[in-house]
Amino acid sequence: MSVILLAAGITLRAQTLTVNGLVNKPLQLTAADLSKMPQQTITAADKDGKTHQYSGVPLFEILKAAGVPSGKELHGNNLAKYLLAQASDGYKVVFALPEIDTTFNNRVFLLTTLMDGKPLPAGQGPYRLVVKDEKRPARWIRELTTLTIGEIK
Ligand SMILES: Nc1nc2c(c(=O)[nH]1)N[C@H]1C(S)=C(S)[C@@H](COP(=O)(O)O)O[C@H]1N2
Ligand SMILES: [Mo]
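By convention here, each chain's residues receive numbers from 1 onward along its written sequence. Chain letters and ligand numbers both follow the written order, the letters beginning at A and the numbers at 1. Residues qualify for local features only when their pLDDT is at least 70, as the model is predicted, and side-chain atom pairs are given and counted only at 80 or more; totals for whole chains, interfaces and linings, by contrast, use all residues. Hydrogens are left out, water is left out, and the side-chain values use all remaining heavy atoms of the structure.

Going by what an unreviewed UniProt entry lists, the protein chain is known as Molybdopterin-dependent oxidoreductase-like protein and is assigned to Chitinophaga dinghuensis.

Right under this line is the structure:
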C-alpha cells in the first residue's frame, strides 16, 4: 500500500479506484487521474435531510473511459450487463447500465471526491457514489474501491 506523506507527518492512503470485469480497458484510477476527468458539482440531501455540495466525476465518464457498452450498443445481451460497486467494508451495490447512461436518461450518478469543497471525511471517502433524486441514500456507497462490469447469464 503506497502512502502519501504530507507535511507534519500526516499520511493518507493513496487509494486507487479499480475498474474491471467486462470492460475493453481495465483502469486503476488515482485521485490525480480522476481530477483530469470532467467534473460536476451537485447539491443533494444526505440521510438526515441535510443538503451538501458534492463534486466529482459523472460515473458515465468513467464507464466510457473503460470502454463499457453505451448508447446504441446497449441492446441485446448488453442489457443484461450491470455495474457492481464495492466498498472496503464489503458493502456492495448494483446498477443497471442504462440507469447510468446519459443517452437513456438524465439522472445524476456522481463519483464524488469532495463534499462542500473538501475531501470526503474518513469513513466516507476518498470516493463515494452519490445518486441524485433517489429517495433513499442506500446506494450512496462510501469508501468505494472497485467498479466491476458483469453480465447476468
Ligand atoms: N460502504 C458503505 N456504504 C454505505 C453503507 C454501508 O454500510 N457501507 N450504507 C448505505 C446506507 S443503507 C445508507 S442509508 C447511507 C447512509 O449514509 P451516511 O452514513 O453517510 O449517513 O450510506 C450507504 N452507503
Ligand atoms: Mo440505509
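### Some remarks on the pairing of strand 9 (residues 109-115)
Every other side chain in a regular strand lies on the same face of the sheet, so the side chains alternate between the two faces. What counts here: For the exposure calls, accessible area comes from a 1.4 Å probe over protein chains only, and a residue counts as buried if that area is under 20% of its type's maximum, exposed if over 50%, partly exposed in between. Secondary structure elements follow DSSP: runs of H or I of four or more residues count as helices, runs of E of two or more count as strands, with numbering from the N terminus. Here, a strand pair is defined by DSSP locating no fewer than two bridges between the strands.
Most of strand 9 sits inside the fold, with five of its seven residues counted as buried. Two strands pair when backbone bridges link them, and strand 6 (residues 51-58) and strand 9 are joined in this way by five bridges, in the antiparallel orientation. In the strand pairing of strand 9, Gly 56 is matched with Thr 112. With four bridges connecting them, strand 9 and strand 11 (residues 128-131) associate as antiparallel partners. Along strand 11, the bridge assignment pairs Thr 112 with Arg 128. Two strands pair when backbone bridges link them, and strand 9 and strand 10 (residues 118-119) are joined in this way by two bridges, in the antiparallel orientation. Following the sheet pairing, Leu 114 is matched in strand 10 by Pro 119. Where strand 9 folds back onto strand 10 in an antiparallel hairpin, the turn is made up of two residues, including Asp 116, whose phi is positive at roughly 50°.

### A word on the pattern of salt bridges
Just so we agree on the cut-off: Within this document, salt bridges are pairs made up of a side-chain nitrogen of Lys or Arg and a carboxyl oxygen of Asp or Glu, the two lying within 4 Å of each other.
Across all of its chains, the model carries six salt bridges by this definition. Here Arg 139 makes a salt bridge to Glu 134, at a shortest N to O gap of 2.9 Å. Exposure remark for Arg 139: the relative accessible area of 17% places this residue in the buried category. We classify Glu 134 as partly exposed; its relative accessible area is 26%. Through salt bridges with shared partners, one network takes in Glu 99, Arg 107, Glu 134 and Arg 139.

### Observations regarding the sheet that holds strand 12 (residues 144-151)
Just so we agree on the cut-off: Where helices are involved, their axes are fitted lines through C-alpha atoms of the stretch in contact, as for all axes, and angles between N-to-C directions lie from 0 to 180°.
Across the sheet, five strands lie side by side as 4-3-12-7-8; this open sheet has mixed pairing. Each edge of the open sheet carries a strand with a single partner, namely strand 4 (27-29) and strand 8 (92-96). Across this sheet, the average inter-strand angle for adjacent strands is 15°, counted without regard to direction.

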